[in-house]
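So you can see what is in the structure, the chains are spelled out below.
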Amino acid sequence: MGRGSARTRSSPPSARAAKRGDGVKPVSIDDGLTEPADTRGVDVARFDDALSALSAIDSRLGQVVELRFFAGLSMEETAEALDLSVATVGRDWKTARIWLRRELKRGDAT
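Just so it is clear, the structure is predicted and the values come from calculations on it, not from any experiment.

### Remarks on the pattern of salt bridges
Then, number 1: In total, this model carries 2 salt bridges according to the counting rule given.
Then, number 2: Residues Arg60 and Asp92 are paired through a salt bridge, measuring 2.6 Å at the closest nitrogen-oxygen approach. Note that Arg60 is positioned in helix 4 (residues 59–70) and Asp92 in helix 6 (residues 86–109), a separation of 32 residues in sequence.
Then, number 3: We classify Arg60 as partly exposed; its relative accessible area is 33%.

What follows is the structure, given as structure tokens:
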């Protein structure tokens, strides 16, 4: 089983459809922040490790990142897919981005 295959199997149908490119625009991990960081140089394997660590701590935060970042779902679509309020998704998205950024910076320091 390859990296990320469990994520694909556990994604709701709308997320899988979005991954196929059904007209959904991908979002940046820094979407909506006032001080965006350049995510183009992020090591995908390190990002996946950081996301796995986040999911182990709080699986809902991991799901929000997967749906927003990888599937490109909007806040509203993510809220619907996870049966959460849009406000909760917004807080989770912000928390997850901060945590992931800090984790990736920590890896840069080693």
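### Some remarks on the environment of Phe47
Then, number 1: Mapped onto the fold, Phe47 is located in helix 3 (residues 44–57).
Then, number 2: A sequence separation of 56 residues divides Phe47 from Glu103, and the C-alpha atoms of the two residues are 8.9 Å apart.

### Thoughts on the packing of aromatic side chains
Then, number 1: Tallied over the full model, the rule gives 3 aromatic pairs.
Then, number 2: With a centroid separation of 5.2 Å and an interplanar angle of 40°, the aromatic rings of Phe47 and Phe69 are classed as tilted. Taken together, the positions of Phe47 in helix 3 and Phe69 in helix 4 put the pair 22 residues apart, joining distant regions of the chain.
Then, number 3: Classification of Phe47 as buried rests on a relative accessible area of 7%.
Then, number 4: By relative accessible area, Phe69 is classed as partly exposed at 22%.
Then, number 5: Measuring from ring centre to ring centre gives 5.1 Å for Phe69 and Phe70, while their planes differ by 80°; the resulting arrangement is edge-to-face.

### What to know about the confidence of the model for the protein
Then, number 1: Confidence in the prediction of the protein, expressed as mean pLDDT, is 77, and 60% of residues score 70 or more.
Then, number 2: For the protein, the element scoring lowest by mean pLDDT is helix 1 (residues 5–10), at 48; helix 5 (residues 75–82) scores highest, at 96.
Then, number 3: Predicted confidence is poor over residues 32–38, with pLDDT under 50, and the contacts of this stretch with residues over four places away or in other chains come to 5 contacts.

### Overview of the packing of helix 3 against helix 4
Then, number 1: Where helix 3 contacts helix 4, the axes come no closer than 5 Å and their chain directions differ by 140°. If you check the angle between helix 3 and helix 4, you find them oblique. In this structure, helix 3 uses Phe47, Leu51, Leu54, Ser55 and Ile57 to contact helix 4, whose residues at the interface are Ser59, Leu61, Gly62, Val65, Glu66, Phe69 and Phe70.
Then, number 2: Considered class by class, the residues forming the contact of helix 3 with helix 4 number 8 nonpolar, 3 polar and 1 charged.

### Re the nonpolar core
Then, number 1: The biggest cluster of nonpolar side chains holds 17 residues, and the ones touching the most others in it are Phe47, Leu51, Leu54, Val64, Val65, Ala96 and Leu100.
Then, number 2: Listing elements by their share of this core, those giving two or more residues are helix 3, helix 4, helix 5 and helix 6.
Then, number 3: The biggest single contributor to this core is helix 6, with 5 residues.
Then, number 4: With residues up to four places along the chain from it excluded, the contact list for Leu54 reads Leu61, Gly62, Val65, Ala96, Trp99 and Leu100.

### A few points about the environment of Met75
Then, number 1: One can find Met75 in helix 5.
Then, number 2: Met75 sits 13 residues away from Thr88 along the chain, and the two C-alpha atoms are 9.6 Å apart.
Then, number 3: Beyond its immediate stretch of four places on either side in the chain, Met75 contacts Arg68, Val86, Val89, Gly90 and Trp93.

What counts, and where the lines are drawn
- Residues numbered from 1 in each chain as written.
- Predicted model: local features only at pLDDT ≥ 70, side-chain atom pairs only at ≥ 80, totals over all residues.
- Heavy atoms only, no water.
- Salt bridge = Lys/Arg side-chain N within 4 Å of Asp/Glu carboxyl O.
- Helix = DSSP H or I, 4+ residues; strand = E, 2+ residues; numbered from the N terminus.
- Buried < 20%, exposed > 50% of the residue type's maximum accessible area, 1.4 Å probe, protein only.
- Phe/Tyr/Trp six-rings, centres within 6.5 Å; stacked < 30°, edge-to-face > 60°.
- pLDDT = per-residue confidence, 0-100.
- Contact = heavy atoms within 4.5 Å.
- Axes fitted to C-alpha atoms, helices over the stretch in contact; angles between N-to-C directions.
- Parallel < 35°, antiparallel > 145°, perpendicular 65-115°, else oblique.
- Nonpolar A, V, L, I, M, F, W, Y, C, P; charged D, E, K, R; others polar.
- Core = buried A, V, L, I, M, F, W, Y, C linked by side-chain atoms within 4.5 Å.

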